[in-house]
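A structural walkthrough
Below, each chain spelled out in residue letters.
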Amino acid sequence: ALRPSVDERPGEQQAQQDVRHEERGHDHRQQRVLVLEDAQQLEQEERDREAIRERLRLRNEKRRRMILPAILSPVLVGALWRLLLAPNGALNELLLTTGVIGSPIAWIGDGSTALWALILVDAWNWLGLPLLVFYAGFQSIPPELIEAGELDGAGRVRLLSAIALPLVVPSILILTVLTFINSFN
């Protein structure tokens, strides 16, 4: 067998060192790519967290708006609506500005509009709790059931009548009892 000469061994060692250096360089490039990928993933996760926070903020704001009429004092509600429905109030101002009416209307002072104005005010005042209960009831419906209904070809009306309403019946019963009790107050 031929033995390599002394001159060939340093070249061989150099080649091995070059291969190791190349592998280390490749490892460094891979590490840089992994670091970049990790940074991009962290940025995406932060964007996702921010989107979730925004959705929760909007959901909480929607809930606050729904319950507001129910938690306001009846005296405060009466005073606010009296200001809105006055002949020089905000409602007449809005309707005059948009050209819907030609002259101010005495919403509470006119016998033909007073009953309807009071019905509107009372309905607005007691609408908050039912809206919140229905909202919670519909939110509790598992999305998988809606998705299964859609896959079965159910339209919006069918989804409402066959899936959503049966699952919201407990909420309807609670509101019926509360309304019945409230009617005696």
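A few points on the structure. Chains are numbered independently. Their residues run from 1 in the order of the written sequence. At least 70 in pLDDT is required for a residue's local features to be given in this predicted model, at least 80 for side-chain atom pairs to be given and counted, and no such filter applies to totals for whole chains, interfaces and linings, which use all residues. As a rule here, side-chain values cover all heavy atoms of the structure and leave hydrogens and water aside.

1. Side note on the overall build of the chain
Counting secondary structure elements, the chain contains 7 helices and 0 strands. Helix and strand assignments follow DSSP, with helices taken as H or I runs no shorter than four residues and strands as E runs no shorter than two, numbered in order from the N terminus. Reading the helices (α) and strands (β) of the chain from amino to carboxyl end gives α-α-α-α-α-α-α. Buried means the residue's accessible area, taken with a 1.4 Å probe over protein chains only, is under 20% of the maximum for its type, while exposed means over 50%, and partly exposed covers the values in between. When burial is assessed residue by residue, the chain has 16% of its 185 residues classed as buried. Here a residue-residue contact requires only that any non-hydrogen atoms of the pair lie within 4.5 Å. In the chain, once contacts between residues fewer than 6 apart in sequence are set aside, the share between residues at least 24 apart is 49%.

2. Overview of the packing of aromatic side chains
Centre-to-centre distance and the angle between the planes together describe a pair of aromatic rings. The rule is short: rings of Phe, Tyr and Trp, with Trp giving its six-membered ring, pair when the centres are within 6.5 Å, and they are stacked under 30 degrees, edge-to-face over 60, tilted in between. Applying the stated criterion across every chain yields a total of 2 aromatic pairs. Note on Trp 81 and Trp 124: the rings are 5.7 Å apart at their centroids and 70° apart in plane angle, and the pair reads as edge-to-face. One end of the pair, Trp 81, is in helix 2 (residues 74-85); the other, Trp 124, is in helix 4 (residues 111-126), with 43 residues separating them in the sequence. Under the relative-accessibility criterion, Trp 81 is labelled buried at 15%.

3. Brief notes about the nonpolar core
By nonpolar core is meant a set of buried Ala, Val, Leu, Ile, Met, Phe, Trp, Tyr and Cys residues that side-chain atoms within 4.5 Å join together. Counting residues in hydrophobic clusters, the biggest one holds 9 residues: Leu 72, Val 77, Trp 81, Leu 85, Leu 95, Ile 101, Trp 107, Ala 117 and Val 121. Counting only elements with at least two residues in this core, the list comes to helix 2 and helix 4. It is helix 2 that contributes the most residues to this core, 3 residues altogether. Not counting residues up to four positions away in its chain, the partners in contact with Leu 95 are Val 100, Ile 101 and Trp 107.

4. Some words on the side chain of Thr 113
On the secondary structure map, Thr 113 appears in helix 4. Apart from residues no more than four positions distant in its own chain, Thr 113 is found in contact with Ile 105, Ala 106 and Trp 107.

5. Remarks on the layout of surface pockets
Here the largest pocket is characterised by a volume of approximately 260 Å³. Lining the largest pocket, in full, are Ala 70, Trp 126, Leu 129, Pro 130, Leu 175, Leu 178, Thr 179, Ile 181, Asn 182 and Ser 183. When contributions to the lining of the largest pocket are tallied by element, the ones reaching two or more residues are helix 5 (128-139) and helix 7 (156-183). Three categories are distinguished: nonpolar for Ala, Val, Leu, Ile, Met, Phe, Trp, Tyr, Cys and Pro, charged for Asp, Glu, Lys and Arg, and polar for the others, with Gly belonging to the last. In terms of residue class, the lining of the largest pocket is made up of 7 nonpolar, 3 polar and no charged. Think of a 1 Å grid over just the protein atoms. A cavity is a set of points where a 1.4 Å probe fits yet cannot get out, a pocket is an open set with protein on both sides within 12 Å along at least five of seven lines, and lining residues have an atom within 4 Å of a point. Grid points are joined across faces, edges and corners, and a volume is the space filled by probe spheres set on the points.

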